[in-house]
Amino acid sequence: QLLVRVEAVALNPVDWKIQKYGIFLEEYPGLIGTDIAGVVVQVGEEVKDFVKGDRVVFQGAWAKDLAGYQQYTLTNAVTTAKIPSHLSFDQASTIPVAGAVVVAGFYLNPPNGAGLENPFVPSGRGKYAGKPAIVLGGATSVGQF
């Protein structure tokens, strides 16, 4: 795991719904915030690909030690990415949940997704290269992908 100093957390529609409807959180007080960007302040013993000071982005969880609306949080290194130098913390924090929604919508099997062949696996690589796509409603955080 990595201990991360939180620099930015993106807001998601589910955040207000959790508070209003009392969903997803099982213990109180609860912490939310699942699109997180920050700086690594401590690296777990088994972690090899990150060092203290790395700028990172990741999807948190609705658990006290994994949520984003706090000064420090934990993340699993395997689901964490380094932020490219041209992105700010604010920009990077919009990626995790929105990106996951796009992947789910395209590549999960119906009725949960479109059932397209996943280009992230060897059998799907290059399958859609050079083919046009139309995205309706693409002005949202999900639409950026």
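Just above sits the structure.
Asker: Help me understand the packing of aromatic side chains, please; the structure alone is not making it clear to me.
Answerer: Ring pairs (aromatic) are described by centroid distance and by the angle formed between their planes. Per the stated rule, a full pass over the model turns up four aromatic pairs. Between Trp16 and Tyr21, the ring centres sit 6.3 Å apart and the planes meet at 50°, which makes this aromatic pair tilted. An aromatic cluster of three or more residues is present, and its members are Phe106, Tyr107 and Phe120. The positively charged end of Arg55 is found above the aromatic ring belonging to Phe89, 4.8 Å away from the centroid. The aromatic ring of Phe50 is capped on one face by Lys82, whose charged end is 5.6 Å from the ring centroid.

Asker: How should I be thinking about a nonpolar patch on the surface in this particular structure?
Answerer: A cluster of nonpolar side chains, namely Trp16, Tyr21, Ile23, Phe24 and Trp62, defines an oily patch on the protein surface of about 530 Å² accessible area. Within the fold, Phe24 resides in the loop between α1 (13-21) and β2 (35-43). Residue classification places Phe24 among the partly exposed positions, given a relative accessible area of 48%.

Asker: Would you mind going over unusual backbone geometry with me for this structure?
Answerer: Trans peptide bonds make up the majority, and among non-glycine residues the majority have a negative phi. Of note, the bond from Pro110 into Pro111 is cis; its omega dihedral lies within 30 degrees of zero at 10°. With respect to the helices and strands, the residue Pro111 is situated in the segment after α3 (96-107). One non-glycine residue with positive phi stands out, namely Phe24, at about 75°.

Asker: I would appreciate a short explanation of the sheet that holds strand β3 (residues 55-59) in the present structure.
Answerer: Across a sheet, strands are paired by hydrogen bonds formed along the backbone, either parallel or antiparallel in direction. Taken in spatial order, the five strands line up as β4-β1-β2-β3-β5 in an open sheet, and their pairing is antiparallel. Because the sheet does not close on itself, it has two edges, and the strands there are β4 (72-75) and β5 (80-82). Averaged over all pairs of adjacent strands, the angle between strand axes in this sheet comes to 45°, irrespective of strand direction. Pairing between β2 and β3: five bridges, direction antiparallel. Each bridged residue has a counterpart across the sheet, and for Ile36 the counterpart in β3 is Phe58. Contacting β2 and β3, α3 runs over the sheet at an angle of about 50° to β3.

The rules behind these values
Residues numbered from 1 in each chain as written. Predicted model: local features only at pLDDT ≥ 70, side-chain atom pairs only at ≥ 80, totals over all residues. Heavy atoms only, no water. Phe/Tyr/Trp six-rings, centres within 6.5 Å; stacked < 30°, edge-to-face > 60°. Lys NZ or Arg CZ within 6 Å of the ring centre and 35° of its normal. Patch = residues over 30% accessible without salt bridge, like charges linked within 9 Å, V, L, I, M, F, W, Y side chains within 5 Å. Areas by Shrake-Rupley, 256 points an atom, 1.4 Å probe, with all protein chains shown as cover. Salt bridge = Lys/Arg side-chain N within 4 Å of Asp/Glu carboxyl O. Helix = DSSP H or I, 4+ residues; strand = E, 2+ residues; numbered from the N terminus. Buried < 20%, exposed > 50% of the residue type's maximum accessible area, 1.4 Å probe, protein only. Pairing = 2+ DSSP bridges. Axes fitted to C-alpha atoms, helices over the stretch in contact; angles between N-to-C directions. Contact = heavy atoms within 4.5 Å.

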